[in-house]
Amino acid sequence: MTQRALDSSGEQTPGTSRPAMIDAGAELDPVHPMEPPPARRPDGLSTAEVAERVARGKVNDVPVRSSRSVTEIVRANVLTRFNLIIGVLWVVMLFVAPIQDSLFGFVIVANTGIGIIQEWRAKKTLDSLAVIGEAKPTVRRDGVAAEISTSEIVLGDLIELGPGDKVVVDGTVAEADSLEIDESLLTGEADPVIKQAGDPVMSGSFVVAGGGAFTATKVGREAYAAQLAEEASRFTLVHSELRSGISTILKYVTWMMVPTAIGLIISQLVVKDNNFKDSVARTVGGIVPMIPEGLVLLTSVAFAIGVVRLGRKQCLVQELPAIEGLARVDVVCLDKTGTLTEGGMDVTEVRPLNGTDEAYVTQVLRAFGSSDPRPNASLQAIMDAYPAGGGDARPAAGGDALPAAGGDVKSWTVTDAMPFSSARKYSGAAFAEADGTASAWLLGAPDVLLSEADATLTEIEHLNEQGLRVLLLARAEGELSTPGAAAGATPTALVVLEQRLRPDAADTLAYFADQNVATKVISGDNAVSVGAVAGKLGLAGAENTLDARRLPTDPDEMATAMEENAVFGRVTPQQKRDMVAALQSRGHTVAMTGDGVNDVLALKDADIGVSMGSGSEATRAVAQIVLLNNSFATLPSVVAEGRRVIGNITRVATLFLTKTVYSVLLAILVVCTQVEYPFLPRHLTLLATLTIGIPAFFLALAPNKERAQPHFVRRVMRYAIPSGVIAAAATFTTYLVARHHYSGEGALEAETSAATLTLFLVAMWVLAIIARPYTWWRIGLVAAMGLGFLIVLVVPWLQDFFALKLVGTTMPWTAVGIAVAAAALLEFTWRWVGRRFGM
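In this report, the structure presented in the accompanying data block is examined.

Basis of the calculations
Residues numbered from 1 in each chain as written. Predicted model: local features only at pLDDT ≥ 70, side-chain atom pairs only at ≥ 80, totals over all residues. Heavy atoms only, no water. Helix = DSSP H or I, 4+ residues; strand = E, 2+ residues; numbered from the N terminus. Buried < 20%, exposed > 50% of the residue type's maximum accessible area, 1.4 Å probe, protein only. Contact = heavy atoms within 4.5 Å. Areas by Shrake-Rupley, 256 points an atom, 1.4 Å probe, with all protein chains shown as cover. Pairing = 2+ DSSP bridges. Axes fitted to C-alpha atoms, helices over the stretch in contact; angles between N-to-C directions. Core = buried A, V, L, I, M, F, W, Y, C linked by side-chain atoms within 4.5 Å. Polar contact = N/O pair within 3.5 Å; in protein donor to acceptor, adjacent residues only side chain to side chain. 1 Å grid on protein atoms, 1.4 Å probe; cavity = no way out; pocket = protein on both sides within 12 Å on 5 of 7 lines; lining within 4 Å. Points joined across faces, edges and corners; volume = space filled by probe spheres on them. Parallel < 35°, antiparallel > 145°, perpendicular 65-115°, else oblique. Left-handed = near helix turned anticlockwise from the far one by under 90°. Nonpolar A, V, L, I, M, F, W, Y, C, P; charged D, E, K, R; others polar. Salt bridge = Lys/Arg side-chain N within 4 Å of Asp/Glu carboxyl O. Arc of directions from axis to C-beta.

Description of the overall build of the chain
(1) Moving on: The helix and strand tally for the chain stands at 27 helices and 21 strands.
(2) Moving on: Counting all 839 residues of the chain, 56% fall into the buried class.
(3) Moving on: Residue pairs in contact within the chain that sit at least 24 positions apart in sequence constitute 72% of those at least 6 positions apart.
(4) Moving on: Summed over all atoms, the accessible surface of the chain reaches about 33800 Å², with 58% contributed by carbon and sulfur.

So, in structure tokens, the structure goes:
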């Protein structure tokens, strides 16, 4: 096997037929000419050269951003449409009314501060986790290869590549050993591109097979994918049904609020000949409660706290909507290796075929281990069992020592190599043996290398049924580089491997089954073997296996096959992508987990991509969620966190929008009847704090295991609109009755107090309904809010502060009676809506 390397003079090493590489000083970009990197050398840059480039600023200085900056956080929380409206009204109230009528402004300041602090906490968590999960490329300097941070790469560095590695900066290939690079994330083309020395590589692409090294020609912000990568890794709240639904609600609220507020202003300032300052105060009192200002805050806080909670479990959420998205998932596609099983495997047995000498098979396997500098898990298991250097092999999984090699394997020379590819399902190596004989070997999937009629497949089937993985060692007839290298290969031995099951996988599969989330195991291994592994872990339907080579290509037929089966084997990377698309075509929300290069395309197309922290750089780059502790058992925590956020925000959104609906309707009724608006800002601040603000904060952060439901806006408005209508009707009825009951000086204050009592009791009943199912702390929360209002009514200085004093007994009890009737109507309406549309 010849490495396509360059010596210090820039010439190619012997054995390559390509011409000398592009001159190091050539301009690669006429618009942004680069300084010429040094001559490309196998040893890489020297320490002095690195220091010189750092001094000149030729460093890959693109900031790793997992979150918004502090300035962006403050701006996003402060500069909102509704904060502007409330801020203007607050300033007006500070000039025309007592301080208690300006309390709503202080509440907004406090809410905004909470939002900033919580998102800042989430930012710190994301940033710290991003550093842990950051890709660390291997860079060769002074002839020594070492992992360094991406930000430490300098112009001209020699960066090594292997399967799964991401190209982190733009460059030119210096060494190539069967190097295949997938540029689909940049170009959209799924087929990998074979790269040879002198070919350009772009940041954002990744290696699917082979290895090599490239010289950095563009670093920092000049790299092709630098800006793309920066944007992709930012803290974001886009593409979320919850967030877009709230934006839709706020848009409708604005449309309702503007004409209603104008009518209210005209009614209170022009039609009624009242005290100017009092009219302004009551007008503001009618406008402020129309704004569901705390809803956006609570959503941001709930997401941010979710990030912090998951961060403590070593789960990096690269895009916040992933918390919500995974909670909506109804199909999880799992890659077996690295998800259900641990990365390592053990060789349990080697079975020679066709009378092949066992000692000779051992020699071949021992030599095979030295053919790939970056072995996959299967080859690593063989290398562990048959270590290079001869001598006794390591004990197999069963405890017995495997046969030692006969002869001197050190005298075997690797003349060619073909790295493993998930597309062809085998790897290859060619040797010059000790006696000078040339031989070529293939190691891979037996059902790919053998014909369907081969009797050996029956023996392999029995092993697969036990959950064992079987590789076939076959002697190739021709050159490895020929397209049909596997044709006519002679079976030589079976290598039996045992996979290590993850101890937590069974519980995780049981959790998804309990949550009615369908689990599909998609693997490149033999379907029967994968089904046996899934069966050991208790996966429902594990016996329903399907070889992907028999999978229909028609999307609709494929979707049917996906729904009817649970385990799929011999799946190619493109098929994984097609399978995800087929499930999505049936309306399923699909999550895909994986850690290998062959999972990247499917991870990218799935609704939610989940990667293991130990997975390839490419999978971590495209996944929305990275499990840094490599524990599949963390997924239920992410699902639970998403369900908590969605379920609780749906609950509290009903509270906020009920207030918006009754505030708009009260304003319309006041305009139509030409009466004074019944409330001052202080009254509605008190009501909003006790019936919405404080309880909503606790309810938004409470545990919630309800399965996420679609159509957020529709579900919320089904309850908020009738609740708001009933609350407005009851309150205005009490207000009109009180206007006929009271007269003389202080009548308006008495009327306001009676109306406030009715509105509070109705709003409390809405809170009591939303707090269900009851727990001790939910009952205590509702009771505490009721006690708080009672204290205001009985403590004299609080009565004066909030201008609330119930006069007489007839009207207060009438207000209570109207509220009781409204509560009964609320119960009937909520139950009817629940039966009619579902909860």
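Re the pairing of strand β16 (residues 518-522)
(1) Moving on: Burial of β16 is extensive: 4 of the 5 residues sit out of reach of the surface.
(2) Moving on: One ladder, built from 5 bridges, connects strand β9 (residues 331-335) with β16; its direction is parallel. In the strand pairing of β16, Leu334 is matched with Val521.
(3) Moving on: Where β16 lies against strand β18 (residues 567-569), 2 bridges are found, and the strand directions are parallel. Bridged to Ile522 within β18 is Phe568.

Regarding the sheet that holds strand β20 (residues 608-612)
The pairing of strands in a sheet comes from backbone hydrogen bonds and takes either a parallel or an antiparallel form.
(1) Moving on: Taken together, 8 strands build an open sheet; the order of strands is β8-β21-β20-β19-β9-β16-β18-β17 and the sheet is mixed. One side of each edge strand has no neighbouring strand; the edge strands of this open sheet are β8 (315-317) and β17 (545-547). Taken over all neighbouring pairs, the strand axes of this sheet differ in orientation by 20° on average, direction set aside.
(2) Moving on: In the packing of helix α10 (residues 321-328) onto the sheet, the strands contacted are β8, β19 (590-594), β20 and β21 (625-627), and the crossing angle to β20 comes to about 105°.
(3) Moving on: Against the sheet, helix α16 (residues 527-536) contacts β16, β17 and β18, and its axis sits at roughly 145° relative to β18.

A short note on the nonpolar core
(1) Moving on: Grouped together as the largest cluster of nonpolar side chains are 87 residues, with contacts concentrated most on Ile649, Val652, Phe712 and Phe789.
(2) Moving on: The element that contributes the greatest number of residues to this core is helix α21 (residues 635-673), accounting for 12 residues.
(3) Moving on: Residues within four places of Ile649 in sequence aside, it is in contact with Leu242, Ile246, Leu298, Thr299, Ala302, Ala700 and Phe712.
(4) Moving on: Counting 37 residues, the second-largest nonpolar core is a separate cluster that includes Leu509, Val521, Leu537 and Leu539.

Points about the environment of His588
(1) Moving on: Positionally, His588 belongs in the loop between α18 (573-585) and β19.
(2) Moving on: Through-space distance from the C-alpha of His588 to that of Val332 is 9.9 Å; in sequence the pair is 256 residues apart.
(3) Moving on: Every residue in contact with His588, bar those within four places of it in the chain, is listed here: Asp330, Val331, Glu563, Leu583 and Asp607.
(4) Moving on: Looking at His588, its side chain comes within polar contact range of the side chain of Asp330, at 3.2 Å.

Quick look at empty space enclosed by the protein
(1) Moving on: The final tally for this structure, using the stated rule, is 3 cavities of 30 Å³ or more.
(2) Moving on: Estimated volume of the second largest cavity: approximately 60 Å³.
(3) Moving on: The wall of the second largest cavity is formed by Leu655, Thr658, Lys659, Tyr662, Thr691, Ile692, Ala763 and Val766.
(4) Moving on: Among the secondary structure elements, those contributing two or more residues to the lining of the second largest cavity are α21, α22 (681-700) and α24 (747-770).
(5) Moving on: Looking at the lining of the second largest cavity, the element that brings in the most residues is α21, giving 4 residues.

Thoughts on the packing of α21 against α24
(1) Moving on: The interhelical angle for the contact between α21 and α24, taken along N-to-C directions, is 155°, at an axis separation of 10 Å. By the angle class used here, α21 and α24 are roughly antiparallel. Crossing angle aside, the handedness with which α21 passes α24 is right-handed. From α21, Arg651, Thr654, Leu655, Thr658 and Tyr662 reach across to α24, where they touch Leu759, Val766, Leu767 and Ile770.
(2) Moving on: For the contact of α21 with α24, the per-class residue count stands at 6 nonpolar, 2 polar and 1 charged.

Focus on the pattern of salt bridges
(1) Moving on: Enumeration over the complete set of coordinates arrives at 20 salt bridges.
(2) Moving on: A salt bridge links Glu52 to Arg53, with the shortest nitrogen-to-oxygen separation between them at 3.2 Å.
(3) Moving on: Since its relative accessible area comes to 6%, Arg53 is described here as buried.
(4) Moving on: Close ionic contact of Arg570 with Asp447 constitutes a salt bridge, the shortest N to O distance being 2.8 Å. Within this pair, whereas Arg570 is found in the loop between β18 and α18, its partner Asp447 is found in helix α13 (residues 446-449), the two being separated by 123 residues in sequence.

Examining the environment of Val280
(1) Moving on: Secondary-structure assignment places Val280 in helix α8 (residues 276-287).
(2) Moving on: Owing to a relative accessible area of 9%, Val280 belongs among the buried residues under this scheme.
(3) Moving on: The spatial distance from the C-alpha of Val280 to the C-alpha of Leu680 is 9.5 Å, given a sequence separation of 400 residues.

Section: the packing of α10 against α21
(1) Moving on: Interaxial distance between α10 and α21 falls to 7 Å at its minimum, and their mutual angle equals 100°. As summarised for this structure, α10 and α21 are arranged roughly perpendicular, according to the angle between their axes. The segment α10 lies against α21, with Ile323, Glu324, Leu326, Ala327 and Arg328 engaging Leu635, Val638, Val639, Glu641, Gly642, Arg643 and Ile646.
(2) Moving on: Class assignment of the residues belonging to the contact of α10 with α21 gives a composition of 7 nonpolar, 1 polar and 4 charged.

What about the pairing of β20?
(1) Moving on: Among the 5 residues in β20, 5 count as buried, and that is most of the element.
(2) Moving on: Burial along β20 is two-sided: the residues Ile608, Val610 and Met612 and Gly609 and Ser611 are all buried.

Notes on the environment of Ser427
(1) Moving on: The residue Ser427 is located in strand β12 (residues 426-432) in this model.
(2) Moving on: Accessibility expressed as a relative area gives 11% for Ser427, which makes it buried.
(3) Moving on: Taking the C-alpha atoms as reference points, Ser427 and Phe368, 59 residues apart in sequence, are found 9.9 Å from one another.
(4) Moving on: Contact partners of Ser427, with chain neighbours within four places excluded, come to Phe368, Met418, Pro419, Phe420, Trp441, Leu442 and Leu443.

A short note on helix α15 (residues 505-514)
Residue pairs spaced three or four apart in an α-helix point in one direction, given the helix's 3.6 residues per turn.
(1) Moving on: Among all positions in α15, only Ala505, Thr508, Leu509 and Phe512 are buried. The buried residues of α15 occupy an angular sector of 100° when projected down its axis, which confines them to one face. Facing away from the buried side of α15, by more than 90 degrees, are the exposed residues Asp507 and Asp514.
(2) Moving on: For α15, the secondary structure elements touched by its buried residues are β9, β16 and α21.
(3) Moving on: At the exit of α15 stands Asn516, carrying a positive phi of roughly 60°.

So far we have only geometry, and geometry alone does not tell us how the molecule works.
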